[in-house]
Amino acid sequence: MSAKESVLAKAVWQETKPASPAVRNSRKRSVSDFLVYAAGAVLLFIVACALVPGWIAPYTPTEMLTDRIMQPPGGSHLFGTDYFGRDIFSVVVYGSRDSLLIGIASVAAGLLAGGAIGALAGYAGGIIDMVLMRLLEILMTIPGILLALAIAAALGPSLANIVIAVSLSAVPGYARVLRGQIMSIKGRPFIMAAHSIGTPGLSIFLRHVLPNSWAPLLVMGTIGLGTSILMGSGLSFLGLGVIKEVPDWGTLLSQGRGYLTVAWWMATFPGMAITLLVLSVNLIGDKLRDRLDPKHTRG
Amino acid sequence: MHPSRLMKSWQLMSAIALSFLVLLSGCSSGNSQRENQHSTSGGKVKAQGSDQPGTAAKGGQLSFALATSPDTLDPQRTGLAVAVRVLRTLYDTLVIQGTDNDIQPSLATGWEVSSDRKTYTFKLRQDVTFHDGTPFKAEAVKFTFDRILDPATKASNSAQLIKPYASSEIVDDYTVKIHLTTPSNAFLSNLSQAQLAIVSPAAAAKDGEQFGKNPIGSGPFKFVEWQENAQIVVERNPDYKWGPGNVENKGAPYLERLTFKIVPEEATRLGGVQSKQVDAAETVPPQNILQLKSDPNFQVFSINTGGLPYTLFINQENPPWNELKARKALQLAIDVDAIVKTLYLGTYDRAWSPLAPTTLGYDNTLENGVKADVEKANALLDELGWKAGPDNIREKDGKKLTLRYVDGSPNREKRNDIAAMVQQQLKKIGVLTEVTITKDVRSIVHEQSNYDIHGNSQVNSDPEALRNFYHSEIKNMAGRHNYPALNSPEVDEWINQGTVETDKAKREEIYKKVQHYIIDNAVIIPIYVFPYTVAALNSVQDLKFDALGYPLFNDVYIQNKP
């Protein structure tokens, strides 16, 4: 393993701040705790929107009230209405489903694929490791958003294709982290001990190596969720997303873009929804990282 | 910190600072250059004014933002309307079309038509020279038209427009006879279109394929430069004195320089006008038309285009849309008024007929003939045996009543939004609309014919345009345009009559019959008449438009109000 790779593998762990006095630490923690609770509340609300939009949204999202187009926020329309006369709040509530779905599905797909490749490469080593890693390095030379754009454009607009496009660019990251973790665990004395008493390789991998290596992936996945949501919305914004009766947030943003100077609320609220969701997910991801950081718990 | 490290970071910092300085100075020198250019041009304008005391100093420079880039400036090879806007400044045509569809002289001073209407004899102006100094003679006309027929030219739209041209015969230097294979009523008005503009034979022969990058015509402006995807610059042709009848200034244009900027992004294009970086911008979205109209610093021009309005064609090949009652149900359920008012905010006119109002033969009795009526539409579908299913979608023999609506992307003129509104409106009569927005209209619509509704429009100067969309002979041709797959012997016969009928009034009557048939049989649902819109600063004076809605810059000058 090269020095660069080991640094990459540990990058997630090494961002801890130097130990500070206990008092300052606790004050800091209370602020960050508040932020995390707020983020959790926002995330819960958005998940609720995705699960039971009918309980939250006051209007049907497809209902076009053509006598009430482009009304500013307030009154009976919390976020105003768009150029079709749809209630923007209701459309945003219903649109959360696709945005969240794209985010979670692409993280899951990326984690599974990346994790499998990383585990195989790390545990098997040798020529398999070499080939897999070189392939991933080729993939890594292409910037993530560019790769997603190319795939989405080539496969055509569908939800599954968007998930593939977004997840593929995250695969190398997950694979490298898990590979690094596994390689460092693999050489530990307790693994050698297991080998020496004749435990089969697969059993060592499943019972000893994997449980001790997967935690960083959880953190990466949480943080990656934000990126995926952003990238999925970006693809929709660029017109590569799924065209549906109920548009997702990226599509709403692009529909509102042409109206920024006449009806700012059309693009602003879907944009805020994306920002809030990504911010909440990232805050929770940060907290999760702190919690799972071995140095932090040790200190 | 380690001293060597410290030094390194210092080096880095100063390097960054330096590069910023270089960047900044680059920007500022660019600016000052531009300002210099501007001030010298201003000086010239003043000098010209002092030469001719008494007359107002008309002049200036104009920058005009286009929404897309022209493909070529070779009139015979272009397939894009945006190219025509530039071509009009560089070239002249034999004749021009006035706003009431009459044909007027331009490069031709007059013409005679033989009794069999297959030979046109044109008398030509004798004082015209091309930008490269070549004098304009009968040979140029013959060269231009023969060039279109030559397969090596790979002529685009011009090949359609020149039909049924057979050959040209040079009688003398300033007389040319044009022979047609069949009589055609559209021929003269087609000659007025910029795609049939006369090119300099010397330059076109010399530059060949590259002529589109070095265009030489006889128009009011001369070509200066074309920066790919950035701008096209033309300058005043000082020798110009053969302005056509649709402009006041027959001499050299007042503008010294005309710059067409290519700005595809809508918001940037309009922002350019609003921040006065460009003087005018084309294709203004409805929401901005209203905004700019209420601002005293700007003016908005809006010219309805002729030809076929934006129309939803119902494909009769696919059941149940082969049945009149089913199509009538669509006609009654789609509330076009609501669509046009909501999406275009009163800036576009609703279309009522397969022809646009400015086109010859337009039947205004069709106006207000169709009213949205959901109950009647429901009754019609009930009669056909489509009964409401559990999810409010109608069913018959276990099949759901679906309608495949295919529209192209990007969302030009909010056409995708029309699809979204139609989808909601058809829900009310239990029709499930599957909207497909695709970049690949060619294969889905033209090749596989996999649609129930497809929308399109065509800018054209003559009702002959109907042939391409409604004549049954077009149905099975490659690159089909007969989207409704209409197969009506009556309509075919009328369209054929319209092509050869010489009496204008009779011709109008024939096309009125066609229009009535199409609406009465719910072949299509006309949606809106497309206006060509231009937003301009108030300093832009006398911008005019020709019969097809293309801008004319001959009379334009810049006058800043104090």
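These figures come from a predicted structure and were not determined experimentally. (Residues numbered from 1 in each chain as written. Chains lettered and ligands numbered in written order. Predicted model: local features only at pLDDT ≥ 70, side-chain atom pairs only at ≥ 80, totals over all residues. Heavy atoms only, no water.)

1. As for empty space enclosed by the protein
All names here are of chain B. Tallied over the full model, the rule gives 6 cavities of 30 Å³ or more. Considered as a void within the structure, the largest cavity measures approximately 180 Å³ in volume. Forming the walls of the largest cavity are 18 residues, and the residues nearest its centre are Arg88, Ile96, Asn246, Asp546 and Leu552. Class assignment for the residues of the lining of the largest cavity results in 8 nonpolar, 7 polar and 3 charged. Estimates place the volume of the second largest cavity at around 80 Å³. The wall of the second largest cavity is formed by Gln331, Val336, Arg350, Ala351, Trp352, Val370, Ile519, Ile524, Ile525 and Pro526. Here the lining of the second largest cavity takes 3 residues from strand S21 (residues 524–529), the largest share from any one element. Here the lining of the second largest cavity is composed, by residue class, of 8 nonpolar, 1 polar and 1 charged. (1 Å grid on protein atoms, 1.4 Å probe; cavity = no way out; pocket = protein on both sides within 12 Å on 5 of 7 lines; lining within 4 Å. Points joined across faces, edges and corners; volume = space filled by probe spheres on them. Nonpolar A, V, L, I, M, F, W, Y, C, P; charged D, E, K, R; others polar. Helix = DSSP H or I, 4+ residues; strand = E, 2+ residues; numbered from the N terminus.)

2. Section: the pattern of salt bridges
All names here are of chain B. Considering all chains together, one arrives at 27 salt bridges over all chains under this definition. Residue aspartate 391 pairs with lysine 400 through a salt bridge whose shortest N-O separation is 2.8 Å. In this structure, arginine 404 and aspartate 452 form a salt bridge, with 3.3 Å as the shortest nitrogen-oxygen distance. Of this pair, arginine 404 sits in strand S18 (residues 402–408) while aspartate 452 is found in the loop between helix H13 (441–447) and strand S20 (453–459), placing the two residues 48 residues apart along the sequence. Accessibility expressed as a relative area gives 27% for arginine 404, which makes it partly exposed. (Salt bridge = Lys/Arg side-chain N within 4 Å of Asp/Glu carboxyl O. Buried < 20%, exposed > 50% of the residue type's maximum accessible area, 1.4 Å probe, protein only.)

3. Some remarks on the domain arrangement of chain B
Residue and element names in this part refer to chain B. Splitting chain B by domain gives domain 1 (3–303 + 533–558) and domain 2 (307–529). The interface is formed by 17 residues belonging to domain 1 together with 21 residues belonging to domain 2. Looking at the side of domain 1 facing domain 2, the largest losses of area belong to Asn101, Asn185 and Pro286, adding up to 37% of the total buried there. At the boundary of domain 1 with domain 2, the tally comes to 0 salt bridges. Run the count over domain 1 and domain 2 and you get 5 residue pairs in polar contact (both at pLDDT 80 or more). If you list the elements that add at least two residues to the side of domain 1 that touches domain 2, you get helix H5 (187–191) and helix H8 (286–293). (Domains from an automatic or database assignment. Contact = heavy atoms within 4.5 Å. Buried area = accessible area lost by both parts, 1.4 Å probe. Polar contact = N/O pair within 3.5 Å; in protein donor to acceptor, adjacent residues only side chain to side chain.)

4. Considering the interface of chain A and chain B
Every contact between the two is made by 15 residues of chain A and, on the other side, 15 residues of chain B. With both chains or domains summed, chain A and chain B bury close to 1500 Å², and 57% of this area falls on carbon and sulfur atoms. The interface formed by chain A and chain B contains 2 salt bridges. Among the salt bridges present, the one from B:Glu265 reaches A:Arg257, with a minimum N-O distance of 3.3 Å. Applying the counting criterion to the chain A and chain B interface returns 7 residue pairs in polar contact (both at pLDDT 80 or more). Looking at the side of chain A that touches chain B residue by residue, the classes come out as 8 nonpolar, 5 polar and 2 charged.

5. Concerning helix H12 (residues 415–427) of chain B
The terminal C-alpha atoms of H12(B) lie 19 Å apart, and with 13 residues this matches the ideal 18 Å at 1.5 Å per residue to within 8%. Buried residues dominate H12(B), accounting for 11 of its 13 residues. (Expected span 1.5 Å × (residues − 1).)

6. Observations concerning the environment of B:Gln231
All names here are of chain B. Take glutamine 231: it is sitting in strand S9 (residues 231–236). A relative accessible area of 14% means that glutamine 231 is categorised as buried. Between the C-alpha atoms of glutamine 231 and valine 263, which are 32 residues apart in sequence, the distance is 8.9 Å. Apart from residues no more than four positions distant in its own chain, glutamine 231 is found in contact with Glu225, Trp226, Thr259, Phe260, Lys261 and Ile262. Engagement of the side chain of glutamine 231 in a polar contact is seen with the side chain of lysine 261, the distance being 3.2 Å.

7. So, the pairing of S9(B)
Residues and elements named next belong to chain B. Counting buried positions over the 6 residues of S9 gives 5, a clear majority of the element. As judged from the 6 bridges shared by strand S8 (residues 221–227) and S9, these two strands associate in the antiparallel manner. Within S9, the residue paired with glutamate 225 across the bridge is valine 233. Linking S8 back to S9 in an antiparallel pair, the connection comprises 3 residues, with asparagine 229 at a positive phi of about 60°. Across 5 bridges, S9 lies against strand S10 (residues 257–262) in antiparallel orientation. In the sheet register, glutamine 231 faces S10, and the bridge partner there is lysine 261. (Pairing = 2+ DSSP bridges.)

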